[in-house]
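What follows is each chain in one-letter form.
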Amino acid sequence: MASKLIDAISRTLPMDEGQELKQINQIIGVFVNKARQELKARWDQWHIDLSKNEFYEVVGALLARQVTLATQLAENPLIWNGHIAPLILRAMADVYISLAWILKEPIDRSRKFVLYGLGQEKLNLEHRKAQIEKRDPTPAEKIMIESSEAWINSQRFTFLTEVNLGSWSGISTRQMAEEAGCIDFYNYVYTPFSACSHSMWNHIARYNLRQCLNPLHQYHRCPYDPEMPVDPEYLYLAGKYLQRSFSTFDESVDMKIEGQSAFEKLCEDLNQLNKVSDES
Ligand SMILES: [Zn+2]
């Protein structure tokens, strides 16, 4: 794994292998720690109103999810490439648009979010039960069904009795982004990364085809699975979307967090890394 990583990195940055790996590991470690600290700092400062618990849990979980996606990407440099990084970044775009939209009408929308998720879980459960209808479930299936039922029943939100199960936001992601004032994010992040997420032609034709070398074949393209260089730009983007999620949250709930953010530190470190690799 380490040598594969060194190979991949040395295709990108012409530096001394050992030193480079050490430096990148350090940047990752600092970023991951700071990102988690930032999440904790916000949660600690937030005045929680338990009568509206759904809002705090939904927003808290979305911010934590954003930290998870960013830190998982950070800790796996072998996926900092056009094959896989966009899958994670597109998921971060989803989280950001949901968060920004919910923050505009916190109670109503966080309830919708919970209800939709519970509805989906119930649907999964029904599908699973239907699948094994005509026989006894295996012990593993029994555990799975019971734990899903227990999880659904453990959701103690008072509003659950009043509302019927509908669709999540009732509108498209594009409309959500428009309403939340982040259509730029939809156009420049969500949509372009969708091509990779859904393995659309405009992604796979670029990443998984190459021109045939046989001149008699009229330059048709053949399938391939190329190794890609490690590109720290993807880590930068993950940090950027995390920062934007935190900022949108801070603005919405009027919070101020002191000190250098994970993203600011990451920018500083990546600049330093570029400088060193330029010099060598
Ligand atoms: Zn050919």
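The rules behind the values
- The residue count restarts for each chain, going from 1 along the sequence in the order it is written.
- Selection of residues for local features in this predicted model requires a pLDDT of at least 70, selection of side-chain atom pairs for listing and counting requires 80 or more, and totals for whole chains, interfaces and linings are taken over all residues.
- Helix and strand labels come from DSSP, where a helix needs a run of H or I of at least four residues and a strand needs a run of E of at least two; each type is numbered from the N terminus.
- Burial is judged by counting other C-beta atoms within 10 Å of a residue's own C-beta: 20 or more means buried, 12 or fewer means exposed, and anything between counts as partly exposed, with every C-beta placed from the backbone.
- Linking buried Ala, Val, Leu, Ile, Met, Phe, Trp, Tyr and Cys residues through C-beta atoms within 7 Å yields a set, and such a set is a nonpolar core.
- The contact criterion used is a C-beta to C-beta distance within 7 Å, with each C-beta placed from the backbone.
- Given the number of residues in a helix, its expected span is that number minus one, multiplied by 1.5 Å.
- Whenever a helix is involved, its axis is fitted only over the stretch in contact; in every case the axis is a line through C-alpha atoms, and angles between N-to-C directions fall within 0 to 180 degrees.
- Between 65 and 115 degrees an angle is taken as roughly perpendicular, under 35 as roughly parallel, over 145 as roughly antiparallel, and anywhere else as oblique.
- Here a crossing is called left-handed whenever its near helix is offset anticlockwise from the far helix by less than a right angle, and right-handed whenever the offset is clockwise.
- The predictor rates its confidence in each residue with pLDDT, a number between 0 and 100.
- Only Asp, Glu, Lys and Arg are considered charged, only Ala, Val, Leu, Ile, Met, Phe, Trp, Tyr, Cys and Pro nonpolar, and every remaining residue, Gly among them, polar.

### Some remarks on the overall build of the protein chain
Here comes step 1: Within the protein chain, the secondary structure is distributed over eleven helices and two strands.
Here comes step 2: In the protein chain, which comprises 280 residues, the proportion classed as buried is 26%.

### What about the nonpolar core?
Here comes step 1: By size, the foremost hydrophobic cluster in this structure holds 53 residues, and its most contacted members are Leu89, Met92, Ile97 and Ala238.
Here comes step 2: Looking at this core element by element, the count peaks at twelve residues for helix H4 (residues 85-104).
Here comes step 3: Filtering out sequence-adjacent residues up to four positions away, Met92 remains in contact with Gln66, Leu69, Ala70, Ala238 and Tyr241.

### Description of H4
Here comes step 1: The end-to-end C-alpha distance of H4, which contains 20 residues, comes to 29 Å, matching closely the 28 Å that a straight helix rising 1.5 Å per residue would cover.
Here comes step 2: In terms of burial, H4 is a largely internal element, 16 of the 20 residues being buried.

### Thoughts on the packing of helix H5 (residues 106-131) against helix H6 (residues 139-153)
Here comes step 1: Following both chains from N to C, one finds H5 and H6 inclined at 155 degrees, their axes separated by 10 Å at the closest point. The orientation of H5 with respect to H6, classified from their angle, is roughly antiparallel. As for how H5 packs across H6, the hand of that crossing is left-handed. The segment H5 lies against H6, with Leu118, Glu121, Lys122, Leu125, Arg128 and Lys129 engaging Ile145, Ser148, Glu149 and Ile152.

### Quick word on the environment of Cys182
Here comes step 1: Structurally, the position occupied by Cys182 is in the loop between helix H7 (173-179) and helix H8 (183-197).
Here comes step 2: Overall, the presence of 21 C-beta atoms within 10 Å leaves Cys182 in the buried class.
Here comes step 3: In sequence terms Cys182 and Ala100 are 82 residues apart; their C-alpha atoms lie 7.9 Å from each other.
Here comes step 4: Not counting residues within four places of it along the chain, the set of residues in contact with Cys182 comprises Ile97, Ala100 and Ala177.

### Observations concerning unusual backbone geometry
Here comes step 1: The backbone of Ser199 shows a phi angle near 50 degrees, a positive value even though the residue is not glycine.
Here comes step 2: Within the secondary structure, Ser199 is located in the loop between H8 and helix H9 (201-207).
Here comes step 3: Residue Ser199 is classed as exposed on the basis of its C-beta count, with 11 C-beta atoms lying within 10 Å.
Here comes step 4: The backbone of Asp254 shows a phi angle near 60 degrees, a positive value even though the residue is not glycine.
Here comes step 5: Note on placement: Asp254 falls in the loop between helix H10 (233-253) and helix H11 (262-279).
Here comes step 6: Residue Asp254 is classed as exposed on the basis of its 6 C-beta neighbours within 10 Å.

### A closer look at the confidence of the model for the protein chain
Caution is warranted with low-pLDDT regions, since their predicted coordinates should not be read in detail.
Here comes step 1: Scored by pLDDT, the protein chain has a mean of 89; 89% of the residues are at 70 or more.
Here comes step 2: Ranking the elements of the protein chain by mean pLDDT puts helix H1 (residues 2-12) last, at 67, and H10 first, at 97.

### Let's talk about the environment of Tyr116
Here comes step 1: In this fold, Tyr116 is placed in helix H5.
Here comes step 2: By C-beta crowding, Tyr116 is classed as partly exposed, having 16 other C-beta atoms within 10 Å.
Here comes step 3: Distance from Tyr116 to Ser169, taken between C-alpha atoms, is 8.4 Å for residues 53 residues apart in sequence.

### So, the packing of H4 against H5
Here comes step 1: Packing of H4 against H5 brings their axes to within 6 Å, and their N-to-C directions diverge by 135 degrees. In terms of orientation, H4 and H5 fall into the oblique class. Facing H4, whose interface residues are Ser98, Trp101, Ile102 and Leu103, H5 presents Pro106, Arg109, Ser110 and Phe113.
Here comes step 2: Split into classes, the residues belonging to the contact of H4 with H5 amount to five nonpolar, two polar and one charged.

### Digging into the environment of Glu121
Here comes step 1: For Glu121, the position within the fold is in helix H5.
Here comes step 2: Sequence separation of Glu121 and Glu149 is 28 residues, and the distance between their C-alpha atoms is 8.9 Å.

### Side note on H5
Here comes step 1: For H5, with 26 residues, the first-to-last C-alpha span of 38 Å sits near the 38 Å given by 1.5 Å per residue.
Here comes step 2: Considered for burial, the residues of H5 that qualify are Arg109, Ser110, Arg111, Lys112, Phe113, Val114 and Leu115.
Here comes step 3: Looking at the buried residues of H5, the elements they touch are helix H3 (53-74) and H4.

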